[in-house]
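Here's the letter readout for the chains.
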Amino acid sequence: MLINATKQSLLNLPRSVKRALVMFGDAFICGFSVWLAFGLRLDQWGHFQGMQWMVFIAAIGISFPLFISFGLYRAIFRYVGTAAFLSITRVFIIYTVFNFCIFTLLGVEDVPRSIGIIQPILMFIGIGANRYFVRSWLGGINNVQKTFHIPQPTAIIYGAGSAGRQLAAGLASNKEVLIKGFIDDDPRLWKSTVNGITVFPNTDLLDLVRRLDITDVLLAIPSASQDRRREIIASLNGCGVRVRTLPGLIDMASGRVRASDLHDLDMNDLLGRAVVPPEVNLLEKNIRNQDVLVTGAGGSIGSELCRQIIKFYPRSLILLDSSEHSLYLINEELKRALMGLELADITGSLDDQTSQPQAELPIKLVPCLASVRDDDLLLKIFRAHQPATVFHAAAYKHVPLVEQNPAEGIRNNVFGTFNCAQASLECGVSNFILVSTDKAVRPTNVMGASKRIAEMVLQAIAENASNGGYSTNFSMVRFGNVLGSSGSVAPLFSTQIAAGGPITLTHSEVTRYFMTIPEAAQLVIQASAMATGGDVFVLDMGEPVRIYDLAVRMVYLSGLLVRDEAHPHGDIEIRVTGLRPGEKLYEELLIGDNPQSTAHQKIMKAHEEFLSWDELQLELKNLNLALEACDDNLIRIMLKKLVPGYQPNNDLVN
């Protein structure tokens, strides 16, 4: 404890004091190396005589300017690495040349010529050893308090290639994680060593985890296929190890890797599904050099749409959202991305930001604080900016909240869509795309029913517009849940696991279709490029995932075990709480059974029945009257009438 306190007190000294101590130490090493060189050469220990003082003066006078110019006093000793020792080597070469020329070639009275070689060698052995000792002694001080009561994690790196070696070197520099070995699929590397670390066969993985008491498996296989990653991850289920992936290549190359930099597995690893690469020609068709508007731009899907859209250089991107905070965040993030800056977390309050002149962006960003329910303001925005393509992602989507606030959910999801569609028609928008949901298929909740009516609004308007000669191309894209979005189960489960549990499930047999946010956004953009008018596109979500299985997988990949009747000493309990109002056990993507394929293997086209525009207009007026009257029974009657297959499983709560 006394040693650790001494270390901490040294680290707490002002930077100028620490630099002065280092310079004093170097001066002592310079003088000592001169005294030692004379003693070794003359075989006698004594005081300097005659011109021998010139060697000491030269050692200080030549070395210190070199030390300063090569930045030896700018480095932090406990983080000194290869670059610092290379600088010392360069100084050593230059210093030796000077000393050799003065004391060996030219010669100085009372100074043996060999001193010009012996003294530089002794001095730089001392300088290098001094820095190495300080780095070793102080290097782990940041972790002293953290690891005093917590055992050091022990890890094995899967992948002994370039990425694995860099990861091992980066983690070794701070000693937060003890690397006990590599695992690799290449038989040629088995039983060999990489930087002193043994490479084990991939067939020994489970045995190694138990035998070496491994707590973490670090995946360093960037070139491996998604299928191979899934195989490795599946083989580790229930082993009690945490599976994480390597950090960014820039951090690894600079040797600044810490245990906290390692990432948990991404959503595709959790889903266990392969992602089809997007088709660039479809992504850019309705975007490049056009004015694009996104409603709900600050939401989970809307913000990802914006991130994908700017990659294909629209002329302008209009961001429309009713939440000031969400709109501010996505606008600032996109500005930083367009300026080529590193994306940063915007955590400061809005009124704390000082206005500074901004460099001109390659894409014009227009943040519009507005609600899709305000038809007059919407029309002004559309007329002012004349968007060619509109992605309508603004919606209330949380099933229990909309179930408890049905009137607001319907106003936003149904009439907000109607307002956007009408503004698009009046302003000559070329393409209008609605982001819909699988909950619109035979819905049991108000949210799903409202999204199905929104689809029907666009289908009817599309049919009527084509007969009336309007040029707006309306389409909608229907897909399931997106992992990582607000309200999604994955972030909720992660929080619950971090808190020690329990994980709460509404039902052990609930299944859902899942997709990652980037993939969903890319498929929405690609589907819009294939629309011909009134299309209902359905994304291929793969096989449905049982939520219970997803929860178990997340527990295992966190290095923990599920606590249940079979494993009473496990770490995390999974607790079933009962279905929420309006929730279904299973979701569907199609109402009918006649999907058609499209040019994209992950996108299908559905043919769904809908009311004509004249019929729908009348029903929408009646629905609006029910909303204004706050008549729950009448709202339910209207939803049942408008949406065939709507079967509510609870009473409305308004």
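**Side note on the sheet that holds strand β20 (residues 562-563)**
Next up, step 1: Spatially, 3 strands are ordered β15-β21-β20 in an open sheet, and the strand pairing comes out parallel. Each having just a single partner strand, β15 (503-505) and β20 make up the two edges of the open sheet.
Next up, step 2: Each of β15 and β21 (572-576) is contacted by helix α19 (residues 489-498), which is oriented at about 140° to β15, the strand it contacts most.

**Some words on the packing of helix α13 (residues 300-309) against helix α20 (residues 517-528)**
Next up, step 1: Here α13 crosses α20 at 70°, and the two axes come no closer than 9 Å. What the angle tells us is that α13 and α20 run roughly perpendicular. In this structure, α13 meets α20 at a crossing whose hand is right-handed. Every residue of α20 that contacts α13 at Ser-300, Ile-301, Glu-304, Leu-305, Gln-308 and Ile-309 is listed here: Ile-517, Pro-518, Ala-521, Gln-522, Val-524 and Ile-525.
Next up, step 2: Among the residues making up the contact of α13 with α20, the classes are represented as 8 nonpolar, 3 polar and 1 charged.

**Here's the deal with the packing of aromatic side chains**
Next up, step 1: Tallied over the entire structure, the rule returns 6 aromatic pairs.
Next up, step 2: On the basis of an interplanar angle of 70° and a centroid distance of 5.1 Å, the ring pair of Phe-92 and Phe-124 is categorised as edge-to-face. Within this pair, whereas Phe-92 is found in helix α4 (residues 82-106), its partner Phe-124 is found in helix α5 (residues 115-138), the two being separated by 32 residues in sequence.
Next up, step 3: On the accessibility criterion, Phe-124 (8% relative accessible area) is buried.
Next up, step 4: Here the aromatic rings of Phe-432 and Phe-474 are separated by 5.5 Å at their centres, their planes lie at 55°, and the arrangement is tilted. Here Phe-432, found in strand β12 (residues 431-437), pairs with Phe-474, found in strand β13 (residues 473-479); they are 42 residues apart in sequence, far enough to count as distant.

**Focus: unusual backbone geometry**
Next up, step 1: Its identity is not glycine, yet Tyr-313 carries a phi of approximately 50°, on the positive side.
Next up, step 2: The topology assignment puts Tyr-313 in the loop between α13 and β9 (316-321).
Next up, step 3: We classify Tyr-313 as partly exposed; its relative accessible area is 45%.
Next up, step 4: Unlike most non-glycine residues, Gln-386 shows phi in positive territory, near 45°.

**Brief notes about a nonpolar patch on the surface**
Next up, step 1: Among the surface-exposed residues, Phe-100, Leu-105, Leu-106, Ile-117, Ile-121 and Ile-125 lie close enough to one another that they form a single nonpolar patch of about 580 Å² accessible area.
Next up, step 2: When residues of the nonpolar patch are traced back to their parent elements, those giving at least two are α4 and α5.
Next up, step 3: Checked against the element boundaries, Leu-105 lands in helix α4.
Next up, step 4: Of the residues examined, Leu-105 reaches a relative accessible area of 54% and is grouped as exposed.

**Describing the pattern of salt bridges**
Next up, step 1: As enumerated under the stated definition, the model contains 19 salt bridges in all.
Next up, step 2: Two residues, Arg-336 and Glu-332, come together in a salt bridge whose shortest N-O distance is 2.9 Å. Residue Arg-336 and its partner Glu-332 are located together in helix α14 (residues 324-338), separated by 4 residues, close to a single helical turn.
Next up, step 3: Two residues, Asp-549 and Arg-546, come together in a salt bridge whose shortest N-O distance is 2.9 Å.
Next up, step 4: Asp-549 gets classed as partly exposed once you look at its relative accessible area, which sits at 32%.
Next up, step 5: What you see here is one network of salt bridges that share partners, running through Glu-304, Arg-307 and Glu-333.

**A short note on the pairing of β9**
Next up, step 1: By the criterion of burial, β9 is predominantly enclosed, with 6 of the 6 residues buried.
Next up, step 2: Neither face of β9 is left uncovered, since the one carrying Ser-316, Ile-318 and Leu-320 and the one carrying Leu-317, Leu-319 and Asp-321 both have all their residues buried.
Next up, step 3: Note that strand β8 (residues 291-295) and β9 share 5 bridges and pair parallel. Across the sheet, residue Thr-295 finds its bridge partner in β9, namely Leu-320.
Next up, step 4: For the handedness criterion, the β-α-β arrangement of β8, α13 and β9 is classed as right-handed.

**A short note on the pairing of strand β1 (residues 154-158)**
Next up, step 1: For β1, the buried fraction is high: 5 of the 5 residues fall into the buried class.
Next up, step 2: Neither face of β1 is open: one carries Thr-154, Ile-156 and Tyr-158, the other Ala-155 and Ile-157, and all of them are buried.
Next up, step 3: Summarising the sheet, β1 and strand β5 (residues 216-219) pair through 4 bridges and their orientation is parallel. Counterpart to Ile-157 in the pairing with β5 is Leu-218.

**Description of helix α3 (residues 53-69)**
Next up, step 1: Compared with the 24 Å implied by 1.5 Å per residue over 17 residues, the 25 Å span of α3 between its first and last C-alpha is a close match.
Next up, step 2: The set of residues buried in α3 consists of Val-55, Ala-58, Ala-59, Ile-62, Ser-63, Phe-64, Leu-66 and Phe-67.

**Side note on the nonpolar core**
Next up, step 1: In terms of nonpolar packing, the biggest core is built from 55 residues, with Phe-382, Ile-410, Ile-453, Phe-474 and Leu-639 touching the most fellow members.
Next up, step 2: The element contributing the most residues to this core is helix α18 (residues 446-468), with 11 residues.
Next up, step 3: Phe-474 has contacts with Ala-421, Leu-425, Phe-432, Leu-458, Ile-461, Ala-462, Gly-533, Gly-534 and Asp-535, leaving out every residue within four places of it along the chain.

**A short note on the sheet that holds strand β10 (residues 364-369)**
Next up, step 1: Taken in spatial order, the 9 strands of this open sheet run β10-β9-β8-β11-β12-β13-β18-β23-β22, and their pairing is mixed. Lying at the two open borders of the sheet, with one neighbouring strand each, are β10 and β22 (596-597).
Next up, step 2: Taken strand by strand, α14 contacts β9 and β10, and its axis lies near 175° from that of β10.
Next up, step 3: Sheet contacts for α20: β11 (389-392), β12, β13, β18 (535-539) and β23 (603-606); angle to β13, the most-contacted strand, approximately 150°.

**Things to note about the side chain of Ser-63**
Next up, step 1: Within the element layout of this structure, Ser-63 appears in helix α3.
Next up, step 2: A distance of 2.3 Å separates the side chain of Ser-63 from the backbone oxygen of Ala-59, its partner in a polar contact.
Next up, step 3: Not counting residues up to four positions away in its chain, the partners in contact with Ser-63 are Cys-30, Ala-58, Tyr-95 and Met-123.

Calculation rules
- Residues numbered from 1 in each chain as written.
- Predicted model: local features only at pLDDT ≥ 70, side-chain atom pairs only at ≥ 80, totals over all residues.
- Heavy atoms only, no water.
- Pairing = 2+ DSSP bridges.
- Helix = DSSP H or I, 4+ residues; strand = E, 2+ residues; numbered from the N terminus.
- Contact = heavy atoms within 4.5 Å.
- Axes fitted to C-alpha atoms, helices over the stretch in contact; angles between N-to-C directions.
- Parallel < 35°, antiparallel > 145°, perpendicular 65-115°, else oblique.
- Left-handed = near helix turned anticlockwise from the far one by under 90°.
- Nonpolar A, V, L, I, M, F, W, Y, C, P; charged D, E, K, R; others polar.
- Phe/Tyr/Trp six-rings, centres within 6.5 Å; stacked < 30°, edge-to-face > 60°.
- Buried < 20%, exposed > 50% of the residue type's maximum accessible area, 1.4 Å probe, protein only.
- Patch = residues over 30% accessible without salt bridge, like charges linked within 9 Å, V, L, I, M, F, W, Y side chains within 5 Å.
- Areas by Shrake-Rupley, 256 points an atom, 1.4 Å probe, with all protein chains shown as cover.
- Salt bridge = Lys/Arg side-chain N within 4 Å of Asp/Glu carboxyl O.
- Right-handed = clockwise from strand over helix to strand, strands pointing away.
- Expected span 1.5 Å × (residues − 1).
- Core = buried A, V, L, I, M, F, W, Y, C linked by side-chain atoms within 4.5 Å.
- Polar contact = N/O pair within 3.5 Å; in protein donor to acceptor, adjacent residues only side chain to side chain.

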